[in-house]
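Here's the letter readout for the chains.
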Amino acid sequence: MPFTPDSELDLLFPPDIIGEDVKSQLHPDLHIRPLASTDYRRGHLQVLSVLTIVTDPGEPAWVAQFNAIRSTPKTYYTIVIVDKASDAIVAVGTLFVERKFLRGLSSVGHIEDIAVDKRQQGKKLGLRIIQALTGISERSGCYKTILNCSDANIPFYEKCGYMKKENEMAKYA
Ligand code: ACO
């Protein structure tokens, strides 16, 4: 499949919020952009499956979820890195912006669902995704950006400039 430029895609949010600093550091064979409404066909779920169990809902349900997420603007920022030669997604990540009543009606950025295709791991794509999402968080006015991860991933996030703070609690339904 030939590479599809941003101008021909229906994107989750305007691409110019992704920092030029991150774009310029990416290998020329790769492209970083917001999730697009046709990314079900570019392997979005396959890349996510390196992270956890992914149940394929089928394209119409995937698109309905895309539209539901887009209907809350300035809240969800899912970005992808695409391999230009195959037009396939090789890395993904999401920033969720939570509005607060405290700290002068400030916001907190939550980084979620970071995944890099197994064949592309170790090439700084995870780092670029985190740098891009952190930049969006800071430019959105978030006073901090936080995430949960396994012990095994702590060194990765430390390399991305994050530090361990407090604990995660969870209760599964
Ligand atoms: N332990 C130690 N160092 C690591 C690890 C690790 N597990 N992973 C990466 N690093 C280091 C790299 O060596 C590199 O260091 P360097 O700058 O000194 O060379 C630096 O961190 C950046 O690494 P990247 O090449 O950007 O890492 P990659 O592209 O492989 O992405 C990721 C890392 C996202 C963890 C990837 O391996 C992956 O998708 N893993 C499976 C899914 C997963 O665990 N996702 C994160 C869940 S947490 C969340 O979503 C909030």
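Residues numbered from 1 in each chain as written. Predicted model: local features only at pLDDT ≥ 70, side-chain atom pairs only at ≥ 80, totals over all residues. Heavy atoms only, no water.

Asker: Is there a simple way to think about the site of the ligand in this case?
Answerer: Close to the ligand lie 22 residues; Ile114, Val116, Gly122, Lys124 and Leu127 are nearest. With respect to the ligand, the backbone of Ile114 contributes an N or O atom lying 2.7 Å from a nitrogen atom. Interatomic distance of 2.8 Å between a backbone N/O atom of Val116 and an oxygen atom of the ligand. Of all the secondary structure elements, the ones that give two or more residues to the shell around the ligand are strand E4 (107-116), helix H5 (125-139) and helix H6 (154-159). Among the elements that line the shell around the ligand, the one with the most residues is E4, at five residues. (Near = heavy atom within 4 Å. Polar contact = N/O pair within 3.5 Å; in protein donor to acceptor, adjacent residues only side chain to side chain. Helix = DSSP H or I, 4+ residues; strand = E, 2+ residues; numbered from the N terminus.)

Asker: Before we go on, may I ask you to explain the environment of His44 in this structure?
Answerer: Within the secondary structure, His44 is located in helix H2 (residues 44-48). Owing to a relative accessible area of 9%, His44 belongs among the buried residues under this scheme. In the structure, His44 is positioned 38 residues away from Val82 in sequence and 10 Å away in space, judged by C-alpha atoms. If we skip the residues at most four places from it in the chain, His44 touches Leu35, Asp39, Trp62, Ile89 and Val92. Side-chain polar atoms of His44 contact the side chain of Trp62, separated by 3.1 Å. (Buried < 20%, exposed > 50% of the residue type's maximum accessible area, 1.4 Å probe, protein only. Contact = heavy atoms within 4.5 Å.)

None of this, on its own, says anything about what the molecule does.
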